[in-house]
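# Chain and residue survey
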Amino acid sequence: TKAAASSSSSSASRRRCATIRAAAPPAERKGGSAVATKPLVKQDLVDYIASGCKPKSAWRIGTEHEKFGYQLDNLKPIEYEKHVKVLLEALVTRFNWEPMIEGGFIIGAKLDGQSVTLEPGGQFELSGAPVENLHLTCAEVHSHLYQVKTVAQEIGVAFMGLGFQPKWSVADTPVMPKGRYKIMKEYMPKKGKRGLDMMFRTCTIQVNLDFSDERDMIRKFRTSLALQPIATALFANSPFCDGKPSGMKSLRSDVWTDTDPDRTGTLAWVWDEDFGFEKYADYVLDVPMYFMYRDGIYHDMTGQSFKSFMKGELPGFPGELPTLDDWEQHLTTCFPEVRLKRYIEMRGADGGPWSQICALPALWVGLLYDSQALDEAEALVADWTSAEREYLRTAVTKDGLQTPFRGGDIQAIAEKMVVISKEGLRRRKCNEENFVDGLMEIATSGKTSADRLLEAYETEWGGDIDKVFAKLTY
């Protein structure tokens, strides 16, 4: 326990770091079983997003990370019955988590605002509780990894932090028993060539952050969307595919460029003068539906319009109207690099080791939660054109920090970005600035995790991709 501070400013800083719940993803939707009492109109949907506004004293940090599980004896992906089910049940019986059941299968667990859920190929995801500082984020991750690793060792599996499955194909990957994933698996190949890779072979680290009002949301959304490719480069950690180098530094990020154009992309209209809660709601309304969830069942509604749903005109369900829970679910089926719900999600980083799970939220908290840092970050990207933003989104996936930009490369921008973040964290007075030191080393050296992995592959590993499993195991 820290000694009592002698100054009023220290006391104030601790109060700013005190607990209020916000900025976290809901654990798992209850699922629209409620009957709509009256038809929703567009303003209801806009108001739902706007209800995320909260005073700065209530801003919190919600961190999510995904990781690959693999079998120690053959390095193959973990299976549901042998491994995933056992792990989830152990969280319930040993560590007092509450099970999440779908169709008779345990498909997740939740505890004190946290949730553990499954991605389509068995990737384990921790969606953290909304916490007030980065120390609590790291403590949460540490506790989670302890619990998961304890059980994993007993059943001969382990987990690793990487952005893309380095060895196994989609066909080699077991499918988890979640209804929405069955629908998505059938629909994805109709919209892009890489959708199944996205579902079954990628992992990410994300952070969810708050905003005070519409203007604050707009500034944070635009600034973070412009800088997202720089974060992608800093966190690049997915250079392998099918047992060899892929030619990409962030293959995970590259996969998203050919997944589904209806629900991905750089959202150039975010820089239009009329951007705000309503325009984002209009965008989501135009995204085709995946499903409708009723009475524990995901009903395939791929390609249908949420606007038709609001009129009670979904095929097979005449008169069925959406609830706000349906709207909340629909919001999760849009996949831009920055996503708006009742908070803002940063979605540009590869999965990675423990230090990166702490560094990703630290980078964005430093940039967006301090007013001076936000001013400086906004100025950093103020004169970037729409064409430049679009170029960076795709170019960084291949070249990382060596991506050419305006006569140089983006390494210098990455350095500035981390410096701004570090100073922003320092001004928060929660002793969090050390969490970006690893990013500063990456930015100043120009060598990302992907660069180091590729170097190891060519030298000490002798071209043996199996070595990456032990290298990146938690």
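Computed from a predicted structure; not experimentally measured.

Definitions and cut-offs
What you see as residue numbers is a count from 1 along each chain, following the sequence as written. Reporting in this predicted model follows two pLDDT cut-offs: at least 70 for local features of residues, and 80 or more for side-chain atom pairs to be given and counted; totals over whole chains, interfaces and linings ignore these cut-offs and use all residues. Hydrogens and water molecules were not included; the side-chain quantities draw on all heavy atoms of the structure. Secondary structure elements follow DSSP: runs of H or I no shorter than four residues count as helices, runs of E no shorter than two count as strands, and numbering proceeds from the N terminus. For a compact globule the rule gives 2.2 Å times the number of residues to the power 0.38, and the radius of gyration it is set against comes from C-alpha atoms. Buried, partly exposed and exposed residues are distinguished by accessible area as a fraction of the type maximum, computed with a 1.4 Å probe on protein chains only: under 20%, between the cut-offs, and over 50%, respectively. Note on areas: Shrake-Rupley, 1.4 Å probe, and residue coverage restricted to the protein chains presented here. A residue counts as positive if it is Lys or Arg and as negative if it is Asp or Glu; His and the chain ends are not included. A single reference atom marks each charge: NZ on Lys, CZ on Arg, CG on Asp, CD on Glu. In the analysis that follows, any N or O atom pair within 3.5 Å is treated as a polar contact, provided that within protein one partner can donate a hydrogen and the other can accept it, and provided that, for residues neighboring in sequence, both atoms belong to side chains. Contact criterion: two residues are considered in contact whenever any of their non-hydrogen atoms come within 4.5 Å of each other. Side-chain atoms within 4.5 Å link the members of a nonpolar core, which is a set of buried Ala, Val, Leu, Ile, Met, Phe, Trp, Tyr and Cys residues. Axis lines are fitted through C-alpha atoms, for helices just across the contact stretch, and the angle between N-to-C directions can take any value from 0 to 180 degrees. Note that the term roughly parallel is reserved for angles under 35 degrees, roughly antiparallel for angles over 145, roughly perpendicular for angles of 65 to 115, and oblique for everything else. In this scheme the crossing of two helices becomes right-handed for a clockwise turn of the near helix relative to the far one and left-handed for an anticlockwise turn of less than a right angle. Gly is put with the polar residues, along with every residue not named as nonpolar or charged; the nonpolar set is Ala, Val, Leu, Ile, Met, Phe, Trp, Tyr, Cys and Pro, and the charged set is Asp, Glu, Lys and Arg. How sure the predictor is of each residue is captured by pLDDT, a score from 0 to 100. When DSSP finds two or more bridges between two strands, those strands count as paired. In this description, one arc is meant: the one made by directions from the helix axis to the C-beta atoms. Stacked, tilted and edge-to-face are the three classes applied to pairs of Phe, Tyr and Trp rings, where Trp contributes its six-membered ring and a pair requires centres within 6.5 Å; stacked means planes under 30 degrees apart, edge-to-face means over 60, and tilted covers the rest. Put simply, a charge is over a ring when the Lys NZ or the Arg CZ is close to the ring centre, within 6 Å, and near the line of the ring normal, within 35 degrees. When two cysteine sulfur atoms lie within 2.5 Å, the pair is treated as a disulfide.

### Focus on the overall build of the chain
A count of helical and extended segments in the chain gives 18 helices and 15 strands. Its C-alpha atoms give the chain a radius of gyration of 22 Å, near enough to 23 Å, the size a compact globule of 474 residues would have. Taken across its 474 residues, the chain has 59% of its residues classed as buried. Accessible surface for the chain amounts to roughly 18,400 Å². Of this, 51% is attributable to carbon and sulfur atoms. Distance from the positive charge centre (59 side chains) to the negative charge centre (66 side chains) of the chain: 2 Å.

### Remarks on the side chain of Ser224
With respect to the helices, strands and loops of the structure, Ser224 is situated in helix 7 (residues 214-234). Polar contacts involving the side chain of Ser224 include one to the main-chain carbonyl oxygen of Lys220, which spans 2.6 Å. Residues contacting Ser224, with those up to four places away along its chain left out, are Val338, Met346, Trp364 and Leu368.

### With respect to the nonpolar core
Nonpolar side chains in soluble globular proteins generally cluster together in the buried interior. In this structure, Phe221, Tyr280, Trp327, Leu363 and Trp364 are the most contacted members of the largest nonpolar core, which totals 107 residues. Not counting residues up to four positions away in its chain, the partners in contact with Trp327 are Leu45, Tyr48, Ile49, Ala281, Val284, Leu285 and Phe306. Residues Met188, Leu251, Trp256 and Tyr290 belong to the second largest nonpolar core, which totals 19 residues.

### Overview of the packing of helix 7 against helix 14 (residues 386-399)
At their nearest, the axes of helix 7 and helix 14 sit 9 Å apart, and the two run at 15° to each other. As summarised for this structure, helix 7 and helix 14 are arranged roughly parallel, according to the angle between their axes. The two elements helix 7 and helix 14 cross, and the hand of that crossing is left-handed. Packed against helix 7, whose contacting residues are Ala226, Pro229, Thr232 and Ala233, the element helix 14 presents Arg389, Leu392, Arg393 and Val396 at the interface. By residue class, the composition of the contact of helix 7 with helix 14 is 5 nonpolar, 1 polar and 2 charged.

### Quick look at the confidence of the model for the chain
Note that predicted coordinates carrying low pLDDT should not be read in detail. On average, residues of the chain carry a pLDDT of 93, and 92% of them reach 70 or more. For residues 1-22, every residue scores under 50 in pLDDT, and the model assigns this stretch 30 contacts once sequence neighbours within four places are set aside. With pLDDT under 50 throughout, residues 24-33 is counted as low confidence; its partners more than four residues away or in other chains account for 39 contacts.

### Considerations on the packing of helix 12 (residues 354-368) against helix 15 (residues 411-428)
It is the contact of helix 12 with helix 15, at a shortest axis distance of 7 Å, that shows an interaxial angle of 75°. Taken as axis vectors, helix 12 and helix 15 run roughly perpendicular relative to one another. Here Ala362, Leu363, Trp364, Val365, Gly366 and Leu367 of helix 12 come into contact with helix 15, specifically with Met417, Val418, Ile420, Ser421, Gly424, Leu425 and Arg428. Its residues assigned to classes, the contact of helix 12 with helix 15 comprises 9 nonpolar, 3 polar and 1 charged.

### Observations concerning the pairing of strand 6 (residues 157-160)
Going residue by residue along strand 6, you find Val157 and Phe159 tucked away on one face and Ala158 and Met160 tucked away on the opposite face as well. As defined by bridge partners, strand 1 (residues 61-71) adjoins strand 6 across 4 bridges and the pair is classed as antiparallel. Looking at strand 6, one finds that Tyr70 is bridged to Ala158.

### Section: helix 16 (residues 437-445)
In an α-helix, one turn spans 3.6 residues; hence positions three or four apart end up facing the same way. Three or more residues of helix 16 are buried, namely Leu439, Ile442 and Ala443. The buried side chains of helix 16 occupy one side of the element, clustering within an arc of 95° when seen end-on. Along its buried surface, helix 16 packs onto helix 7, helix 12 and helix 15. Following helix 16 by one or two positions, Gly446 has its phi on the positive side, about 80°.

### Comments concerning the packing of aromatic side chains
Under the definition given, this model contains 21 aromatic pairs. For the pair Trp269 and Tyr283, a centre-to-centre distance of 5.1 Å together with 45° between the ring planes defines the contact as tilted. Here Trp269 is found in the loop between helix 8 (251-255) and helix 9 (277-286), whereas its partner Tyr283 is found in helix 9, with 14 residues between them in sequence. Of the residues examined, Tyr283 reaches a relative accessible area of 12% and is grouped as buried. Here the aromatic rings of Tyr280 and Tyr283 are separated by 5.4 Å at their centres, their planes lie at 65°, and the arrangement is edge-to-face. Note that Tyr280 and Tyr283 are positioned in helix 9 at a spacing of 3 residues, about one turn of the helix. Exposure class is identical for Tyr280 and Tyr283. Each is buried. Clustering of aromatic rings is evident, with ring pairs tying together Phe221, Trp269, Phe275, Tyr280 and Tyr283. For the cation-ring pair, Arg347 lies above Trp256, with the distance from its terminal atom to the ring centre recorded as 5.6 Å.

### Concerning the state of the cysteines
In protein chemistry, a disulfide is the covalent bond that joins the sulfur atoms of two cysteines. The full count for this structure, using the stated rule, is 1 disulfide. This cysteine, Cys241, is not joined by any disulfide, and Cys203 carries the nearest cysteine sulfur, 14 Å off. On the accessibility criterion, Cys241 (14% relative accessible area) is buried.

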